[in-house]
Amino acid sequence: MFWRGLMKICLLLIFAVACCFSVAAQDDVSSELHGNIYSQMLKQARQLHREYRFAEAIDICENIVNSHTSDSDILDSARLQIIVSENSRNLVNYIFEPKIAGKRKIEINSFISIYDSLKNGYFAPVSGSMLMDADKGNEHSLPVTFYPNSNSKNANVIYFSSYGRDGKTGLDIYKINRIDDTVWSEPELLEATVNTQFDEIYPYLAEDGKTLYFASNGHYGMGGFDLFKCTFDEKKGTWMQAENLGFPFSSPYDEFLYIPDNNNEFACLSSTRNCDEDDIFVYKTEVAINPKYKSVADHEELQQIAILDVAVENTEEDEHVEINIEGLKNNEVYIQLLKAARYYNGKFNCTQKSLDSLRDKISDIDNSERQDLENQILNRENELFDMQSVVSQLSIYISQSEFDFITKGIQPTLNDGLKSVVNFDIPIKKEIKVNIEVFGKQTYGNLQSAPDIKIQSCQPSEQDMFRFTVNGKIIVEHDYILPDDLVYRIQIISVPVDKKIEQEFFKNCSPITTEVYKNVRRYYAGLFRKQTDAEMAMAQLKTLGFKDIFISAWNNKKAITLREAKNMESKQKLTTAKTSPETVVGINKIYRITVGPINEQKSVIELINKYADGKDISKKINSDNKIVYSIGNFTTFEQAVDLCDRLVANKITDVNVNELTINN
């Protein structure tokens, strides 16, 4: 009985364990099944987005989010897709249909060759001297760089994409400036209005010198890389907020390298839409002067617009004309008059458009080109006057002929004055798609080699960094790497990491160093080996109007308390002190006020505390058991005298200003 009972218990245990494994397996299968379902839903939403069915894509992603799935990657992707689809829906509310002059499909690895015929520069790999720390080893993934020719108006600046020092924010846009014929400045990161936490690639500075075009997958866009432009604010000396070029230039696919020609008549851009994975389309589009915008919601219409088909070139007239008077439909003279009138009307409108374009350009060119453009405008105006006269003459004659036929039954004939205008073969309209060359003939060879760029090292020396001053050349070192030994610096402000602080804020104090902590960037003034030097500099900063500032201490790049730092400083060996540079504080003279000797009076110390405005106050007892107060430091005599006058006005008479010379 015992063994039978024991066996029964064992069988029950085995069954229970099996059930547990079965339930666990079912849970795993259920979890995997749900994961596959949500992945398919997300895949469907992305496909709908690419088909410009943004509302449907949003609905699917909202269902994923509301399902409370435990897959954080799926949830994050769904939320991101909602944002991108919302952006896209907003962008198609304000679009225009550009006139496409030509397009060509090409392998994506060689599409840049179509741009090789630019007159103001050429594309080549990033020069080795321009590579930054995170670029090394990633050279193959860096976009090519546009190098301006010497005849370009922008010959003294190069914009390029780089991973920067650490690559944490992807590819960002930097620039270097020409110092002389062979030497360029160190790379300078463009501000947050241009760069994001994601990638910015293919920067191109237009010949106007103030419009920067680039592609980004981090700004407000339709998904993938969109096309953007920034305008330089010459008064503020900064780039304004990036602006999406909008649909159909930007799309749910990847767009790159928008480049207008020097006359801003045509522009070139590239897109992966409507082609295989290894191909890309390069388009040439007319630059619209006054485009007519509209809102489009229908996804089929958006798909049609997004194709960017080459425009039909209406160079010739249609043989068929609309007859105004039914009884004249067989009158060849009348039909010829109508064809001629329409032909000249069309020619008049084209000439008017061309004249308007020339007039818009004349305000933006220099004197050397102005005369030629003025001659072109004069010729167009003469042509326009002649055509207007012909159009008017034809209109009057047609109206008179129709009136004579209706009232008198007279068939239209030609007078001698109109025979030369009408008696010619009116061209017959043919629908021709003209695929003109995109910025010249394509070159199929390898890209040009990168030019020899020499970068001038502007890295400040250790002596520069430990020379605190308020009137020298300002040094701003972002994410400065502190030395391994003891150092002090003064924190002056903390701001969100994407907020730019203008150099004027620092009031010529130098050096300025920064560090990023979470989403905050902290700014520090000065680097000091001694706490007393830091205190002296902080007193000077306060006189300049900096509030809520404080000294921080660091050892081996780690923050420590001021008490710990002071103890370390007092124990430093002489050899260490000799090998570490002293901080040079750029103050030749300071001033302190002495009050006394006097007997201790509560009212006196209250007045001193009231007017000292945070200055250091020390107290000393002399040999006569009298008290002497010392107040400072003041960086100008006027500041010290101002406090002195306040104390005297409150009947404290034993007050003196003392001048101390330092750092001789």
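Chemist: How do you make sense of the sheet that holds strand β1 (residues 100-107) when you look at a structure like this?
Modeler: Note on sheets: strands pair through backbone hydrogen bonds, and any given pair is parallel or antiparallel. Pairing in this open sheet of four strands is antiparallel, and the strands run β1-β15-β14-β13 from one edge to the other. Each having just a single partner strand, β1 and β13 (255-260) make up the two edges of the open sheet. Pairs of neighbouring strands in the sheet enclose a mean axial angle of 15°, with direction left out of account. In this structure, strand β14 (residues 266-271) lies alongside strand β15 (residues 279-286), joined through six bridges in antiparallel fashion. Paired with Leu269 across the strands is Tyr283, a residue of β15.

Chemist: How should the confidence of the model for the chain be read in this particular structure?
Modeler: Atomic detail in the predicted coordinates should be set aside for any region of low pLDDT. Mean pLDDT over the chain: 81, with 83% of residues reaching 70 or higher. Per-residue pLDDT stays below 50 along residues 1-29; that stretch engages in zero contacts with residues further than four places along the chain or on separate chains. Every residue in residues 573-578 scores below 50 in pLDDT, and together they form one contact with partners more than four places removed in sequence or on other chains.

Chemist: Could you clarify how one ought to interpret the packing of aromatic side chains in this entry?
Modeler: One pair of aromatic rings is described through two measures. These are the centre distance and the angle between the planes. Counted according to the given criterion, the structure contains 25 aromatic pairs. Pairing Tyr94 with Tyr293 gives two aromatic rings, centres 4.2 Å apart and planes at 5°, and the pair type is stacked. Highlighted residues: Tyr94 in the loop between α3 (72-91) and β1 and Tyr293 in the loop between β15 and α4 (299-306), separated in sequence by 199 residues. Each ring, one from Phe96 and one from Tyr293, has its centre 5.4 Å from the other, and the planes form 75°; the classification is edge-to-face. With Phe96 in the loop between α3 and β1 and Tyr293 in the loop between β15 and α4, this pair connects stretches of sequence that are 197 residues apart. The class of Phe96 is buried, set by a relative accessible area of 11%. A residue is classified by how much of its surface remains accessible, and Tyr293, at 39% relative accessible area, is partly exposed. Put simply, the rings of Tyr94, Phe96, Tyr213, Phe249, Tyr258 and Tyr293 pair up and form one aromatic cluster.

Chemist: What am I meant to see in the pattern of salt bridges here?
Modeler: A side chain of one charge can pair with a side chain of the opposite charge if their charged atoms are brought near each other. The tally for this structure, following the rule as stated, stands at 15 salt bridges. A salt bridge links Glu255 to Arg273, with the nearest nitrogen and oxygen atoms 3.2 Å apart. Of the two residues, Glu255 sits in strand β13 while Arg273 sits in the loop between β14 and β15, which places them 18 residues apart along the sequence. One salt bridge in this structure joins Asp485 and Arg529, with 2.9 Å as the shortest N-O distance. Residue Asp485 is located in the loop between β20 (476-477) and β21 (487-496), and its partner Arg529 is located in the loop between β23 (520-528) and α9 (531-543); the two are separated by 44 residues in the primary sequence. By relative accessible area, which is 7% here, Arg529 ends up buried. One salt-bridge network, in which partners are shared between bridges, spans Glu51, Arg53 and Glu56.

Chemist: What exactly am I supposed to notice about the environment of Glu564 here?
Modeler: The topology assignment puts Glu564 in helix α10 (residues 562-571). Overall, Glu564 belongs to the partly exposed group, its relative accessible area being 42%. Note: C-alpha distance between Glu564 and Trp554 (ten residues apart in sequence) is 9.8 Å.

Chemist: What is the right way to look at the packing of helix α2 (residues 54-66) against α3 in this model?
Modeler: For any two helices packed against each other, one specifies the crossing angle of their axes together with the interaxial distance. One way to put it is that α2 packs onto α3 with a least axis distance of 9 Å and a crossing angle of 155°. By the criterion of interaxial angle, the relationship of α2 to α3 is roughly antiparallel. The hand of the α2/α3 crossing is left-handed. Two secondary-structure elements touch here, α2 through Phe54, Ala55, Ala57, Ile58, Cys61, Glu62, Ile64 and Val65 and α3 through Ile74, Leu75, Ala78, Arg79, Gln81, Ile82, Ser85, Glu86, Ser88 and Arg89.

Chemist: Can you walk me through the environment of Arg359 in this structure?
Modeler: Along the polypeptide, Arg359 turns up in helix α5 (residues 332-362). Distance in space between the C-alpha atoms of Arg359 and Gln376 is 9.8 Å, their sequence separation being 17 residues. The contact partners of Arg359, leaving out residues within four places of it in the chain, are Gln352, Ile377 and Glu381.

Chemist: Would you mind showing me how to read the nonpolar core here?
Modeler: Side chains that are nonpolar tend, in soluble globular proteins, to be buried together. Residues Phe111, Tyr115, Phe123, Met130, Phe256 and Leu257 are the most contacted members of the largest nonpolar core, which totals 37 residues. Of all the elements in the fold, those that place two or more residues in this core are β2 (121-124), β3 (145-148), β4 (157-162), β5 (172-177), β8 (200-205), β13 and β15. The contact partners of Leu257, leaving out residues within four places of it in the chain, are Phe111, Ile112, Tyr115, Phe123, Tyr202, Leu227, Cys268, Leu269 and Ser270. Within the second largest apolar cluster, 24 residues are counted, among which are Ala525, Ile549, Ile551 and Ala553.

Criteria and thresholds
- Residues numbered from 1 in each chain as written.
- Predicted model: local features only at pLDDT ≥ 70, side-chain atom pairs only at ≥ 80, totals over all residues.
- Heavy atoms only, no water.
- Pairing = 2+ DSSP bridges.
- Helix = DSSP H or I, 4+ residues; strand = E, 2+ residues; numbered from the N terminus.
- Axes fitted to C-alpha atoms, helices over the stretch in contact; angles between N-to-C directions.
- pLDDT = per-residue confidence, 0-100.
- Contact = heavy atoms within 4.5 Å.
- Phe/Tyr/Trp six-rings, centres within 6.5 Å; stacked < 30°, edge-to-face > 60°.
- Buried < 20%, exposed > 50% of the residue type's maximum accessible area, 1.4 Å probe, protein only.
- Salt bridge = Lys/Arg side-chain N within 4 Å of Asp/Glu carboxyl O.
- Parallel < 35°, antiparallel > 145°, perpendicular 65-115°, else oblique.
- Left-handed = near helix turned anticlockwise from the far one by under 90°.
- Core = buried A, V, L, I, M, F, W, Y, C linked by side-chain atoms within 4.5 Å.

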